Structure formats: C-alpha cells, structure tokens
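Observations on the three-dimensional arrangement
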Protein chains: 2
Amino acid sequence: MSKFPDNIFDIVSEDLVAVEEELYSIIQSPVDMVNDIGVHLVQAGGKRIRPALYLLCARGGVPNQAELLPMAVAIELIHMATLVHDDIIDNAATRRGRPTANARWGNHSSVLTGDYLFAKAFSAIILARKNMLKILTDVICNICEGEIIQLKEAFNANQTEADYRLRVAQKTADFIAASCELGAIAGGLDEKSVIRVREYGYALGMAFQITDDILDITASAEQLGKPVGNDLRQGIVTLPVIYALKNSPRSDELRNIIINQKMSDDEVKRGLEIIHQTEAVEYSYGQVHTYLQHARNSLPATLNSSVRESLFAVADFVGLRKY
Amino acid sequence: MSKFPDNIFDIVSEDLVAVEEELYSIIQSPVDMVNDIGVHLVQAGGKRIRPALYLLCARGGVPNQAELLPMAVAIELIHMATLVHDDIIDNAATRRGRPTANARWGNHSSVLTGDYLFAKAFSAIILARKNMLKILTDVICNICEGEIIQLKEAFNANQTEADYRLRVAQKTADFIAASCELGAIAGGLDEKSVIRVREYGYALGMAFQITDDILDITASAEQLGKPVGNDLRQGIVTLPVIYALKNSPRSDELRNIIINQKMSDDEVKRGLEIIHQTEAVEYSYGQVHTYLQHARNSLPATLNSSVRESLFAVADFVGLRKY
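Calculation criteria
Residues numbered from 1 in each chain as written. Chains lettered and ligands numbered in written order. Predicted model: local features only at pLDDT ≥ 70, side-chain atom pairs only at ≥ 80, totals over all residues. Heavy atoms only, no water. UniProt positions renumbered as here; feature names shortened; annotations may be inferred. Helix = DSSP H or I, 4+ residues; strand = E, 2+ residues; numbered from the N terminus. Rg over C-alpha atoms; globule rule 2.2 N^0.38 Å. Buried < 20%, exposed > 50% of the residue type's maximum accessible area, 1.4 Å probe, protein only. Contact = heavy atoms within 4.5 Å. Lys, Arg positive; Asp, Glu negative; His and termini not counted. Charge placed at Lys NZ, Arg CZ, Asp CG, Glu CD. Least-squares fit on C-alpha atoms with pLDDT ≥ 70 in both. Axes fitted to C-alpha atoms, helices over the stretch in contact; angles between N-to-C directions. Parallel < 35°, antiparallel > 145°, perpendicular 65-115°, else oblique. Left-handed = near helix turned anticlockwise from the far one by under 90°. Nonpolar A, V, L, I, M, F, W, Y, C, P; charged D, E, K, R; others polar. Buried area = accessible area lost by both parts, 1.4 Å probe. Salt bridge = Lys/Arg side-chain N within 4 Å of Asp/Glu carboxyl O. Disulfide = S-S within 2.5 Å. Phe/Tyr/Trp six-rings, centres within 6.5 Å; stacked < 30°, edge-to-face > 60°. Lys NZ or Arg CZ within 6 Å of the ring centre and 35° of its normal. Expected span 1.5 Å × (residues − 1). Bend = angle between axes of the 7 residues up to and from the residue. Arc of directions from axis to C-beta.

If you check an unreviewed UniProt entry, chain A appears there as Heptaprenyl diphosphate synthase component 2 from uncultured Sporomusa sp. Regarding chain A, the relevant UniProt record gives this comment under Sequence similarities (unreviewed entry): "Belongs to the FPP/GGPP synthase family." Listed in UniProt under the heading Cofactor (unreviewed entry), the comment for chain A reads: "Mg(2+)".

1. Examining the overall build of chain A
The secondary structure content of chain A amounts to 16 helices and 2 strands. The C-alpha atoms of chain A give 20 Å as radius of gyration, which agrees with the globular expectation for 323 residues (20 Å, within 12%). Overall, the C-alpha framework of chain A stretches about 60 × 50 × 30 Å when taken along its three principal axes. Looking at chain A as a whole, 60% of its 323 residues qualify as buried. Taking contacts inside chain A between residues at least 6 apart in sequence as the whole, the part at least 24 apart equals 75%. Each charge sign in chain A was given a centre, from 32 positive and 41 negative side chains, and these centres are 2 Å apart.

2. Quick notes on the relation of the copies chain A and chain B
After a rotation of 180° and a shift along the axis of 0.0 Å, chain A superposes on chain B with an RMSD of 0.0 Å. Those values place the two copies in the arrangement expected of a two-fold rotation axis. The fraction of interface residues of chain A whose copies in chain B are also interface residues reaches 100%, indicating that both copies meet through the same surface.

3. A closer look at the packing of helix H4 (residues 65-89) of chain A against helix H6 (residues 107-124) of chain B
Direction vectors running N to C along H4 of chain A and H6 of chain B enclose 165°, while the axes themselves pass 9 Å from each other. Looking at the two axes, H4 of chain A sits roughly antiparallel to H6 of chain B. Seen from above, H4 of chain A lies across H6 of chain B with right-handed handedness. Taking contact as the criterion, the partners of His85, Ile88 and Ile89 of chain A in H4 of chain A are, on H6 of chain B, His108, Val111, Leu112 and Asp115 of chain B. Split by residue class, the contact of H4 of chain A with H6 of chain B holds 4 nonpolar, 2 polar and 1 charged.

4. A short note on the interface of chain A and chain B
Reports of interface size often rely on the accessible area that becomes lost once the parts have come together. Listed as interface residues are 36 residues of chain A and, on the opposing side, 36 residues of chain B. Together chain A and chain B conceal approximately 3,500 Å² of surface at their shared face, both sides included; 78% is due to carbon and sulfur atoms. At the level of secondary structure, the elements contributing two or more residues to the side of chain A that touches chain B comprise helix H2 (32-43), H4, helix H6 (107-124) and helix H7 (130-152) of chain A. Counting residues per element, the side of chain A that touches chain B draws most heavily on H7 of chain A, at 13 residues.

5. Topic: unusual backbone geometry
One non-glycine residue, Phe155 of chain A, lies in the positive phi region at around 65°. By secondary structure assignment, the location of Phe155 of chain A is in the loop between H7 and helix H8 (161-186). The class for Phe155 of chain A is buried, based on a relative accessible area of 16%. Phi is positive for Arg48 of chain B, close to 55°, though the residue is something other than glycine. Summarising the element assignment, Arg48 of chain B is placed in the loop between helix H2 (32-43) and helix H3 (49-59).

6. What to know about the pattern of salt bridges
Taken as a whole and judged by the stated rule, the model has 26 salt bridges over all chains. A salt bridge links Arg95 of chain A to Asp87 of chain A; the nearest nitrogen and oxygen atoms lie 2.9 Å apart. Between Arg233 of chain B and Asp265 of chain B there is a salt bridge, and its shortest N-O distance comes to 2.7 Å. Taken together, the residues span a long stretch of sequence, with Arg233 of chain B in helix H11 (residues 230-233) and Asp265 of chain B in helix H14 (residues 265-276) at a distance of 32 residues. We classify Asp265 of chain B as exposed; its relative accessible area is 55%. Each of the salt bridges in this network shares a partner with another, and the network as a whole consists of Glu20, Arg48 and Glu76 of chain A.

7. Some points on the state of the cysteines
All names here are of chain A. Taken as a whole and assessed by the stated rule, the structure comprises 0 disulfides over all chains. With no disulfide of its own, Cys57 has Cys180 as its nearest cysteine by sulfur position, at a separation of 3.9 Å. No disulfide involves Cys141; its sulfur sits 6.7 Å from that of Cys144, the nearest cysteine.

8. Considering the packing of helix H9 (residues 191-218) of chain B against helix H16 (residues 305-320) of chain B
Residues and elements named next belong to chain B. Axis separation between H9 and H16 bottoms out at 10 Å; the angle between their running directions is 20°. Taken together, H9 and H16 sit at an angle that is classed as roughly parallel. Where H9 crosses over H16, the two elements pack in a sense that is left-handed. Taken together, the residues of H16 that come into contact with H9 (itself represented by Tyr200, Leu204, Ala207, Phe208 and Thr211) are Leu311, Val314, Ala315 and Val318. Residue composition of the contact of H9 with H16, by class: 8 nonpolar, 1 polar and no charged.

9. Considering the packing of aromatic side chains
Summed over the entire model, instances satisfying the criterion amount to 3 aromatic pairs over all chains. Its end group placed over the ring of Phe175 of chain A, Arg50 of chain A keeps NZ or CZ at 5.3 Å from the ring centre.

10. Focus on H8 of chain A
All names here are of chain A. The end-to-end C-alpha separation of H8 is 35 Å, in line with the 38 Å expected for 26 residues at 1.5 Å each. If you look at H8, its biggest bend is around 50°, right at Ala169. With 22 of 26 residues buried, H8 lies mostly within the body of the structure. One or two positions beyond H8, positive phi appears at Gly188, with a value near 75°.

11. Thoughts on the environment of Leu182 of chain A
Residues and elements named next belong to chain A. With respect to the element layout, Leu182 can be found in helix H8. Leu182 gets classed as buried once you look at its relative accessible area, which sits at 0%. Discounting residues that sit within four places of it in the chain, Leu182 has contacts with Tyr54, Met71, Ile75, Met132, Ile135 and Leu136.

12. Quick notes on helix H13 (residues 251-258) of chain B
Note that an α-helix has 3.6 residues per turn; residues three or four places apart therefore point the same way. Residue and element names in this part refer to chain B. Turning to H13, its buried residues number three or more, namely Ser251, Leu254, Ile257 and Ile258. One side of H13 carries all its buried residues, which in axial view fall inside an arc of 120°. Close packing links the buried residues of H13 with H11, helix H12 (239-247) and H14.

13. What about the environment of Thr100 of chain B?
Residue and element names in this part refer to chain B. By the secondary structure assignment, Thr100 is in the loop between strand S2 (98-99) and helix H5 (101-105). Taking the C-alpha atoms as reference points, Thr100 and Leu83, 17 residues apart in sequence, are found 9.4 Å from one another. Apart from residues lying up to four places away in sequence, Thr100 is in contact with His40, Asp87, Ala92, Ala93, Thr94 and Arg95.

Here is the structure:
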C-alpha cells in the first residue's frame, strides 16, 4: 500500500513520532514471544492513517496535550489488533510484503496477541473521557459485526450495493469516522463541528475502502504486497464485482465463479477479466469521487485553516492513489 | 464441571440473577449470527464464579448498588471472551458437554465474537473507577501472556514446579484474585483489607486450577464434559505430570510420551497410568489444601461475618469437588 506523501501530515509529524515511540514502549512484555510479535507488528508499519487523522482533527482545535497522545496510541493498537485477527481469518501469509504474525508464530499465539493489544489499548486510555471510551468500544463492536457479515455473505452472488455499503460502513468507515470524531472532541471543537468532522471521516473511510476494493482488481501483486484478486478468491463481493454481476453479458459465468468456494487460479483470473470488460472500475471510481466530494464539503469552517488544507489533501490523495 | 452448592452464593443470588439478565441484554446484536453465538455462550452457563466472588467480596463491605452490577457483567464477559478464544486455540469441540462456538460457527466467527465480547465488557464499565479499569486490563494482558507461555512450553518435559506456578498464576489465579479485589474495592473496604481479599482470591485461584489439572487425570469424560487426559494430549505439563516426571521409575517413558506432538490415544492412556502409579495426585491435592488454608487465613476480619462464612465455604468446596 502506498504511503501518504510525507508533507500531508506535516502538522502532526512530531505527534506521530511520539506515537511511534509510545507504541514500542507499550507493547513491551516480559514474555519474549509477546514482545517479538509486538515489535514485528509495530515495525510492519502501515500508514498510521487513523492516529494521523485523529491528531490532525484534534489540531483543528486546541487539544489538551497531555490527553492527546494516549488516544492516538490506543486507536493504532486497536487497528493492529483487528489486523492480526483479520490475517488469521483470511489465512493471509503476507501483509505489506512481510510475513503476517499468524504465518510466523501460528494462529494460536496470534489470537492471544490480538487480545493483548486490545487490553493494552484500553489500558492506555483509562484516563480518557467516558464519551470517548464509548465511541471506541462501539467501533470494535461494529468492526466485528461487519467482519462477521462479510464471512457469512462470502460466496453469495446476490448482494446489493446497499448490502456492500452497510458492510463497508461497519467494517472500515466507522473506525475512520470515529478517529476523526475523537480528534475533534480532543481538540475541543463545538458539537456541530464534531458531527461534521465525523461525517468527513465516514465519507473518507467509504472512499478509502472502495479504492482498496478497486485496487484488489487493478493493481499488481508487487504493488499490493499481497496476491491480486485476493478478495474475489475469498468470495468477498465488492462494489466492482456487484457492478459486473449486474451489467456484464457474462454475468452468469462470473456468478458461477463467485459461488465456487474452491476457486482455481484460472477462475480468479477469468473473473477479473470479466469484471475488466465492464465499466466496473470506472463506476466504482465515480463512487469514490462522490464520497470524497462529500468528505470535503463536510469539513466545518471552525477548523483552523492549515488543518483544513491537510484534510483536503488527504481526501485528494485517497482519490489519486494507484496502489 | 460441578456446580457450586446453591446455598454457597445465597447472599448474592439476587445479584447473580440480575447479572444473568444483563448478560442476555448486552450481547444482543442486530447481526443475527452475533446474536446467536452470544445467546449460545450465555446459555452454556458455567459457574459464574468470578462475578459471584466479586459480588460476595463487595457485599463484605457496603457497595454502591448502581456501580455494582456493570463490573460483574464485564468480568463474566471477559471470561466468556477468553473461553471462546481458548476453545479455538485448543481446537475444542465441546465445553461443559455442549458444542463450542468454534465447532458450531467456525473459528473465524469465533475470533470476532471474542473481540466483540471484550468490547462489550469495556463498554459496560466505562463509568467504573479508573483503578478498577486498570486492574481489568492488566488481567487480560496476564491471561494472554500466560496462555502464550503455555503454548510455547507445550510438549516441553523440562518444566519445573516454579514454571507451572507462574503460568497458572498468570492464566487463572490473577483473574480470580482481581475479581475478589474489584469486589473489595466496590464494597469500599480499606486498603489493607483489599490486599488481603485479593490474596484470598489468588490462593483460591491457584487451588482451583491445580484441582482442574488433577481432575483432567482422575475424572471421567462424562464428569468433565470433555475428554480425559485432554491437557496431556495437548502437551500441557501440569503439576501431577511434573511430579510424576520427577518421581516415577518410568519417568523416561512418560517424558517420551509428552514430547511426542502426535500422541495416540494409547499413549495418552499409558501416560495417565504412569502418573497414577506415583503419588502425583496426592501430592497435588496437598498443594491444593495448602493454598486453600492460605486463602482462608488471608480473609480480613473487616468483612461482614456472613460474607466471611460464604468465602470460607467456597474454599471448602474447591477442596472437595470431585469433578
């Protein structure tokens, strides 16, 4: 996955360095294996987009410096925990081009490491305000529900765009929305602005996930750091797939590929071909741009201008990224 | 697993009914499958020993009724979450004679359901005092570390009694200790009494786990609700096994069985035979009784007398239970 341009999070670059240090410090455990897995996960990096957005939104107002960082750390720890458990569920061998924790230490230790990270996350924010804690526990419930729906609906070719949007909202957009909302609360913005900042995060999150789903079909394995057509192989029915199922003259063939729980490499390839022969990618990018426009329009005027510009730039980047 | 005698938790029986109702209410989800798994888990029951001890210790003082129940519910939700993840790790098909969540809904949904329960637990206690939240997040970290050590040291025949005690402390006793400590805090006991109540819980938890480990060797499958010698088969080296390794004339044969990661049914049977030919069970029960005596001695005089009697009765029962 491509990194965000360095300058996009300039305003919070010092905060992000502090978050990184705190992540290393908080995952330390007297148990060697817990430590090793923790360091592996922090080193694996990632875009840190959730803490970055949280910090950026907080700097849109005037945050209390002492309570700012723990929540950023907790947000990333929760994200890391969900990734560790996701990789077990997807049986993924690599993420961002590196071996996953489950590939290296086994599923069992990885289940426990995810739980450990959840506990560390809540431990980090015991001093946080109660409304902020509630937002974060709701995020985890939503992600779990979204992922369970995704598991249940895998290899089901009868999903509508509305089904897809609901699932993406629960599994991805809600967390990005909450990161922005928590930042706005930490920054002391007024209630109306908090709602609008959340709306920005929600729309950005939808755009972000749809782009991910497009890239699963269009990018190369090298660019993705994981196999192409990974979602399709797992029977995850994404927006481009739904479009192709509705509009392709070879819809029946695609449908038969999707409902086959033991898809061969050739079938995945053929499925991708059928999708590419339609306007699925263009249509999906159209949705991305609609969401991003909504995100931009949602940003309240109360944010200080340099933060507003950065949040605009983030939206621009999500629309442009090619892998 | 045998139920505690009904009258033992008489003082908190109304509280426990309220906990049960709240458990059903809190696991409700708009996602059918999440709901079904949640109901299955609550119905599977269990002894509710952690919330019962918490409530009992709280009633040793004068708890604030409004803040009493949410923590009891959170304690049981966290316990349920660890059980769901444990059953995945142990690949268990049944627990308490009923199919496990992983057997019925698959490992993937079960990983997510465990996460969901953790989040619901923290959601229930957002209003709790910060020191209480910290105790609970530490419990989860300890359980995860203890379980990871257990995984790492499986099929290792060179473990000492000290290794065993450390592992049991982290994986079981700490949670029982914390349940009692949280109750004492909720009951408004003085600092010294809180420490002694925690000590009671810790020693009770050690006795409880050693008894479990003995029963894995002595009880019948019907009594256990799971296969006999289950720990041995998984390479988990418990106190009776450590004793037999040290004292049996057939120590080498037992050692070879333990380090064999693909133990046959006959080997498990032979391993149990070798253990039974030693004083391992008697020795382990000796340890149980030492811990229970320490538990009784730890109970502070500040507890009201009916609660003290109940906590004594709990210790007596743990020493007597045969399955």
